[in-house]
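# Structural overview
Given next are the chains, with one letter for each unit.
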Amino acid sequence: MMNLPTYENDHYILNNAEERHEESPESFWIPSREIRESLVPGTLVKLIFSMEVEVGSDEVSVERMWVEVTQTGSGHYVGRLENDPYGSSCVQCDQTVNFMACHVIDVYEEEV
């Protein structure tokens, strides 16, 4: 069983892209469910992190960041964060991130 990040344990959560898309379908685009549910290791995906600015802080920093998929499972993914956030000391580059298809807001496509 995969544990999704929580403020209590990880000092951040991931925003649900499907909910955001339902609220604003014209202005908040996400890849198709088929694409988001068929990711493979090595794929770069963008997720929205809501992070405590500092451990225990009530102040939250929200940033969109790239994560490389490293493992796939039944309905979930494990990835590695590709950069440090600007507004939080609670999340760092190279850390492991557990997420699901509902969290993916973009998939990096190399131009041919």
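Our subject is the structure listed above.
So, here is what we can say about the structure in this document.

Each value, and the rule that gives it
- Position numbers for residues start from 1 in each chain and track the written sequence from start to end.
- Residues qualify for local features only when their pLDDT is at least 70, as the model is predicted, and side-chain atom pairs are given and counted only at 80 or more; totals for whole chains, interfaces and linings, by contrast, use all residues.
- Excluding hydrogens and water, the side-chain values take into account all heavy atoms of the structure.
- Put simply, DSSP H or I for four residues or longer makes a helix, DSSP E for two residues or longer makes a strand, and each gets a number counted from the N terminus.
- Put simply, the radius of gyration uses C-alpha atoms, and a globule should come to 2.2 Å times the residue count raised to 0.38.
- Accessible surface area values rest on a Shrake-Rupley calculation with a 1.4 Å probe, where residue burial reflects the displayed protein chains alone.
- Pairing of aromatic side chains requires ring centres within 6.5 Å, counting the rings of Phe and Tyr and the six-membered ring of Trp. Pairs whose planes differ by under 30 degrees are stacked, by over 60 edge-to-face, and all others tilted.
- Each residue is placed in one exposure class: buried if its accessible area under a 1.4 Å probe, protein chains only, is under 20% of its type's maximum, exposed if it is over 50%, and partly exposed if it falls in between.
- When DSSP finds two or more bridges between a pair of strands, those strands are recorded as paired.

### Quick notes on the overall build of the protein
Looking only at helices and strands, one finds three helices and six strands in the protein. Element order for the protein, N to C, with α for helix and β for strand: α-β-α-α-β-β-β-β-β. The globule rule puts the C-alpha radius of gyration for 112 residues at 13 Å, and the 14 Å found for the protein is close to it. Projected onto its principal axes, the C-alpha coordinates of the protein cover approximately 40 × 30 × 30 Å. A total accessible area of about 6900 Å² is found for the protein, and carbon and sulfur atoms account for 44% of it.

### As for the packing of aromatic side chains
Enumeration over the complete set of coordinates arrives at three aromatic pairs. Centroid distance W66 to Y108: 5.9 Å. Interplanar angle 85°. Geometry classified as edge-to-face. Of this pair, W66 sits in strand β3 (residues 60-72) while Y108 is found in the segment after β6 (104-107), placing the two residues 42 residues apart along the sequence. Exposure remark for W66: the relative accessible area of 23% places this residue in the partly exposed category. Ring plane angle 25° and centroid distance 5.4 Å describe the contact between Y77 and F99, whose orientation is recorded as stacked. Here Y77, found in strand β4 (residues 77-81), pairs with F99, found in strand β5 (residues 96-99); they are 22 residues apart in sequence, far enough to count as distant. The class for F99 is buried, based on a relative accessible area of 0%.

### What about the pairing of β5?
Burial along β5 is one-sided: the face carrying V97 and F99 is buried and the face carrying T96 and N98 is not. With four bridges connecting them, β4 and β5 associate as antiparallel partners. Directly across from Y77, in β5, lies its bridge partner F99.

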